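Fold and geometry: a report
These are the residues of each chain, in order.
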Amino acid sequence: MHIQSTNISQPKTILWHDKEVSTGIFKIPTTKAIYLGKHKVTDDYVADTKVHGGRYKACYLFSSDHYSYWKTLYPNLTWNWGMFGENLTINGMNETQIMVGDIYKIGDALVQVTQPREPCFKFGVKFGTQDVLKQFIHHGLPGTYIQILEEGFVKTGDELKLVERFDKTLSVAQLFEQIFTKSKNQELLKTAVDLDVLPLRKREKLKSFIQ
């Protein structure tokens with residue numbers, strides 16, 4: 001796996017239910033190295049710090065491998081890296097093989113996989129339809145957030161080198177499915193709630209489904 005593109009955004013205002021809302025989802029590629037800070041990517045706009053940025057969502061990764069699938073569904077959109085609001089577009093990333101808690105060295109930074117991206121209305125606005133939210137959930141390959149264990153610069157071409165993996169964990173794709181499916185897997189839920197790398201609120205919500 002390596003970085004296909006680094007992407008950042010400036011503030012953009014969209015209309016939602018006749019109200020102006022600020023968003024940072026309209027990211028565009030940059031030719032410069034970007035700095036992964038503890039709580040956000042430097043110079044990248046974060047509109048709602050309650051649901052984006054912070055320790056567990058400092059940076060968002062999405063796979064370039066998935067672009068062809070979405071381009072087929074939405075051929076009339078203007079496509080470029082960063083389309084899904086990701087800071088890092090990763091070549092070769094597969095959420096069925098990326099595990100929650102994985103620690104990777106990328107460029108100068110040391111990062112840890114935390115949780116999948118859960119789509120919101122701003123994603124729907126960008127794609128021109130809220131139907132894309134259900135399509136995104138159904139597709140099951142949501143990209144992943146990371147926390148930054150050691151800050152540093154990363155750039156296009158940098159490889160992701162696995163440093164450490166938990167003995168007992170689940171994949172990003174499995175966690176994403178457990179968040180949304182009605183038929184939850186009890187063993188996977190128990191595994192998830194024991195992972196300190198997940199924020200407490202997320203673990204408590206998942207724990208409520210354990211029978």
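Residues numbered from 1 in each chain as written. Predicted model: local features only at pLDDT ≥ 70, side-chain atom pairs only at ≥ 80, totals over all residues. Heavy atoms only, no water.

Looking at the overall build of the protein
Each helix and strand counted, the protein has six helices and twelve strands in total. Taken over C-alpha atoms, the radius of gyration comes to 16 Å for the protein, in line with the 17 Å a tight globule of 211 residues would show. In terms of its C-alpha atoms, the protein occupies a principal-axis envelope of roughly 45 × 40 × 30 Å. Counted over contacts in the protein with a minimum sequence separation of 6, partners at least 24 positions apart contribute 73%. Taken as a whole, the protein presents about 10,900 Å² of accessible surface, with 49% of it coming from carbon and sulfur. (Helix = DSSP H or I, 4+ residues; strand = E, 2+ residues; numbered from the N terminus. Rg over C-alpha atoms; globule rule 2.2 N^0.38 Å. Contact = heavy atoms within 4.5 Å. Areas by Shrake-Rupley, 256 points an atom, 1.4 Å probe, with all protein chains shown as cover.)

Side note on helix α5 (residues 186–193)
Side chains that are three or four residues apart share a direction in an α-helix, a result of its 3.6 residues per turn. Within the span of α5, buried status applies to L188, L189, T191, A192 and V193. Two to three positions downstream of the cap, the backbone nitrogen of E187 sits 3.0 Å from a side-chain oxygen, assigning the N-cap of α5 to N185. (Buried < 20%, exposed > 50% of the residue type's maximum accessible area, 1.4 Å probe, protein only. Polar contact = N/O pair within 3.5 Å; in protein donor to acceptor, adjacent residues only side chain to side chain.)

Concerning the pattern of salt bridges
Should the charged atoms of two oppositely charged side chains come close, the side chains can pair. All told, the structure shown has six salt bridges when counted by the stated rule. As a salt-bridge pair, E118 and K202 come within 2.3 Å of each other at their nearest N and O atoms. Remark: K202 occurs in helix α6 (residues 200–207) and E118 occurs in the loop between β9 (109–116) and α2 (121–127); sequence separation between them is 84 residues. Close ionic contact of D158 with K155 constitutes a salt bridge, the shortest N to O distance being 3.0 Å. Judged by its relative accessible area of 44%, K155 is partly exposed. (Salt bridge = Lys/Arg side-chain N within 4 Å of Asp/Glu carboxyl O.)

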